[in-house]
Amino acid sequence: MMHDNTGGWPKRITVERNIVNLLSRSLYADFPRAIREAVSNSYDADATVVKIHVDLRNGAIVVEDNGNGMSVEQFDDYLRIAGRKAEAGFSEKFRRKRIGRFGVGFLASFPFCENLEIISKREGLEVGFTARIQTKRFVEGQGVEEEVSSIAIDGYNEPLPGKGHEHYTRIRMIGLTELVNDYLKARPEKKSISIQSQPGMKRLKWQLCETLPLDFEHKYSEIAQILGTEPVGMEVWLNGERLYRSDPGGQVLASSEQTYIKLGSLEYKYAITTDWKIIHPVEARGLKVRLNGVGVGPRTYFDIEKEVRTFSRLNWLTGEVQIIAGLDESLGLTRDSFIWSPEYEALKDSFHRVLLRVHKQVESVASVEKDLSEAISRKGTALPVSMDEVIDRSVGLLSSSGFQVVHKKTEQVEQAQSPIVIDKKKKVATVIDDYATAKAVEAPQHGGINIRYGVFEGRGKLMEPVRMADDGAIELNRFYPVFSGKTKGEILRRIHVLLLLAKRECRSTDEMYDYLVKRIREEFE
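Residues numbered from 1 in each chain as written. Predicted model: local features only at pLDDT ≥ 70, side-chain atom pairs only at ≥ 80, totals over all residues. Heavy atoms only, no water.

As a further point, take the nonpolar core. Residues Phe31, Val39, Ile52, Phe75, Phe106, Met173 and Val236 are the most contacted members of the largest nonpolar core, which totals 51 residues. For this core, the element with the highest residue contribution is helix α2 (residues 31–44), accounting for 6 residues. Once residues lying within four places of it in the same chain are set aside, the contact partners of Val39 are Val50, Ile52, Val63, Leu212, Met234 and Val236. Judged by nonpolar contacts, the second largest core, of 43 residues, contains Tyr268, Ile304, Phe311 and Leu355. (Core = buried A, V, L, I, M, F, W, Y, C linked by side-chain atoms within 4.5 Å. Buried < 20%, exposed > 50% of the residue type's maximum accessible area, 1.4 Å probe, protein only. Helix = DSSP H or I, 4+ residues; strand = E, 2+ residues; numbered from the N terminus. Contact = heavy atoms within 4.5 Å.)

So this is what it looks like as structure tokens:
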């Protein structure tokens, strides 16, 4: 096949100095970003299929697509705009909203290979081209050796008679650098709950699913229905496996409910979910923000975790925020963060309120379930919290978190294992009014003495906290003020029982002191 070396070969990149500085700093830290940028360019070129092949044995990575392809003239334009912000627009064939606006995508792969090869053929033309860049000259270790614009791009035009119908672009990263090897190597020292502890290819797959414009695997899943995403129209494959958009799953706690939220020029949809337990891996915690279908940076709680108060259940929350309009101008140069803007601040303020509400709901349910479980499990132990007290406190927490509270009898609820049955999805708490009677709970004991709760008047002006009943049992006054606290109340109940027993058993203050010192140590050790 004859090669045509006319047409302006070799070529040069026109790039701003700030992009060179950017390459020498932030891009080195993120190998998956180079793949993301290549796939984003495929999306902008109306590709319907993108295939990524990582060949570690031969030290090469190929990203190829069936997009519109480029003519030599378009490649020239592409080199001239690298590093300069382009106007927002739509793709040529399918009118997709363009992802790339900075030209960084072409340069992002430079730190990760010694040579970069680009082969492209535009539909309707019977000529394609091959371009080769010695990226090793630009990147040596982790420092900039020379300006990008000083590197010649060798290449040639290739006549392809009878192949005017073909269209594609193939990018080959050849001679992978240590940055790639370092990313893909095993990291056994990392915590097992982090994606960083997984094998390199599994980490790469996970990060691509977090960031690439992909379809949900299950288009009828609840979160897919809420976000109402249109089909991306592009399949992405990694070493023969199709990639799908990260779906947090779990129960939806808050969402835009199949519509969108509008704050001035800002429009977005969202869904926040939980599995009612800590989210693993740790990188899946928080909300994934997507703009134009592409994930922006790591997941976020919009800085709510930096407030003074503690949010003990934030790590139970995950989800997605899909930006429809209003933040394109706030996107940082590397597309991994947003710069300050009134629109982004409005988004943060909005999600502060939503996350506060959702966290309160999750924290309330978790607290109620823990209290009920402990109250039930303490049957027959020294000093239980009053079941009535636990129920009253639980009902208050659930009500303040938006749960509807209903009351039923045991026979109306099938196999009730708790005095309160919580339907998290419907946000309904059913209180079993006769639970204690139906379960015939055995009275707990303390040193062979039965303990129960009661309501009784005090002697004189003082409310009596605890007393010996006529049948020899110890009765705790359920309405005694200092017994109401969850932790402090339980400690004080136990101490008051010991005080009553000391009063009964001891004949002098010295004997009572020694008795209490011994029994308190035994009780709380």
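This is not the end of the story, as more comes after the structure.
For the coordinates displayed, the defined rule picks out 11 aromatic pairs. Following the ring pairs from residue to residue traces out a cluster consisting of Tyr268, Tyr270, Phe302, Phe338, Tyr344 and Phe351. Above the face of the Trp9 ring, Lys11 is positioned so that its terminal group lies 4.7 Å from the ring centre. The ring of Phe403 has Lys427 lying over it, and the distance from NZ or CZ to the ring centre is 5.7 Å. (Phe/Tyr/Trp six-rings, centres within 6.5 Å; stacked < 30°, edge-to-face > 60°. Lys NZ or Arg CZ within 6 Å of the ring centre and 35° of its normal.)

A few words on the environment of Ile432. Residue placement: Ile432 occurs in strand β19 (residues 428–432). Along the sequence, Ile432 and Ile391 sit 41 residues apart, while their C-alpha atoms lie 9.7 Å from each other. Setting aside residues no more than four positions away along its own chain, Ile432 makes contact with Lys408, Lys409, Thr410, Val413, Ala416, Ser418, Pro419 and Val421.

Our focus in this paragraph is the packing of α2 against helix α6 (residues 200–211). It is at 10 Å that the axes of α2 and α6 come closest, and there the two elements cross at 50 degrees. Classified by the angle between their axes, α2 and α6 sit oblique to one another. Classified by chirality, the crossing of α6 by α2 is right-handed. Residue-level contacts link Phe31, Pro32, Ile35 and Arg36 of α2 to Leu204, Gln207, Leu208 and Thr211 of α6. Class assignment of the residues belonging to the contact of α2 with α6 gives a composition of 5 nonpolar, 2 polar and 1 charged. (Axes fitted to C-alpha atoms, helices over the stretch in contact; angles between N-to-C directions. Parallel < 35°, antiparallel > 145°, perpendicular 65-115°, else oblique. Left-handed = near helix turned anticlockwise from the far one by under 90°. Nonpolar A, V, L, I, M, F, W, Y, C, P; charged D, E, K, R; others polar.)

With that settled, the discussion passes to unusual backbone geometry. Trp9 connects to Pro10 through a cis peptide bond whose omega is -5 degrees. Looking at where Pro10 falls in the secondary structure, it is placed in the segment before α1 (17–23). Following His280, the chain continues into Pro281 via a peptide bond in cis, with omega recorded as 0 degrees. Looking at the secondary structure, you find Pro281 in the loop between β13 (266–274) and β14 (286–291). Look at Phe302: it is not a glycine, yet its phi comes out positive at around 55 degrees. Tracing the chain through its elements places Phe302 in the loop between β15 (294–295) and β16 (318–325). Unusually for a residue other than glycine, Asp303 sits at a positive phi of about 70 degrees.

Another point: α2. Taking 1.5 Å per residue as the helical rise, α2 with its 14 residues ought to reach 20 Å, and the 21 Å between its terminal C-alpha atoms agrees with that figure. With respect to burial, α2 is a largely interior element, 13 of its 14 residues being buried. In the stretch just after α2, Asp46 is the one whose phi turns positive, near 65 degrees. (Expected span 1.5 Å × (residues − 1).)

Let's shift gears to the environment of Arg285. Here Arg285 lies in the loop between β13 and β14. Once the C-alpha coordinates of Arg285 and Asn315 are considered, the two residues, 30 residues apart in sequence, prove to be 5.8 Å apart. Once residues lying within four places of it in the same chain are set aside, the contact partners of Arg285 are Ile193, Ile278, Ile279, His280, Arg299, Tyr301, Asn315 and Leu317.

We now examine the sheet that holds strand β18 (residues 420–423). Reading across from one edge, β17-β19-β18 is the order of the 3 strands in this open sheet, with mixed pairing throughout. If you trace the sheet from one side to the other, it starts and ends with β17 (404–408) and β18, each paired once. Across the sheet, the axes of successive neighbouring strands diverge by a mean angle of 20 degrees, strand direction being ignored. Here β17 pairs with β19 via 5 bridges, running parallel. Across the sheet, Val405 pairs through a bridge with Ala429, a residue of β19. Lying over the sheet, helix α9 (residues 387–400) contacts β17, β18 and β19, oriented at roughly 20 degrees with respect to β18. (Pairing = 2+ DSSP bridges.)

As a further point, take the pairing of β13. Counting buried positions over the 9 residues of β13 gives 9, a clear majority of the element. Burial of the side chains of β13 extends over both faces: Leu266, Tyr268, Tyr270, Ile272 and Thr274 are buried on one face and Glu267, Lys269, Ala271 and Thr273 on the other. With 3 bridges connecting them, strand β12 (residues 261–263) and β13 associate as antiparallel partners. Each residue of the ladder has a partner; that of Lys262, found in β13, is Glu267. Between the end of β12 and the start of β13, which pair antiparallel, lie 2 residues, with Gly264 showing a positive phi angle near 65 degrees. Here 7 bridges tie β13 to β16, and the two strands are oriented antiparallel to one another.

A word on the sheet that holds strand β3 (residues 113–121). Strand order in the open sheet made by the 8 strands is β7-β4-β3-β8-β2-β1-β9-β10, with mixed pairing throughout. If you trace the sheet from one side to the other, it starts and ends with β7 (153–159) and β10 (241–242), each paired once. Pairing geometry for strand β4 (residues 127–133) and β7, over 7 bridges, is antiparallel. Within β7, the position partnered with Thr130 by the bridge is Tyr156. Here α2 sits on the sheet in contact with β1 (49–55), β2 (60–65), β8 (168–176) and β9 (235–238), set at roughly 20 degrees to β2. Each of β1, β9 and β10 touches α6; the most contacted strand, β9, lies at about 170 degrees to it.

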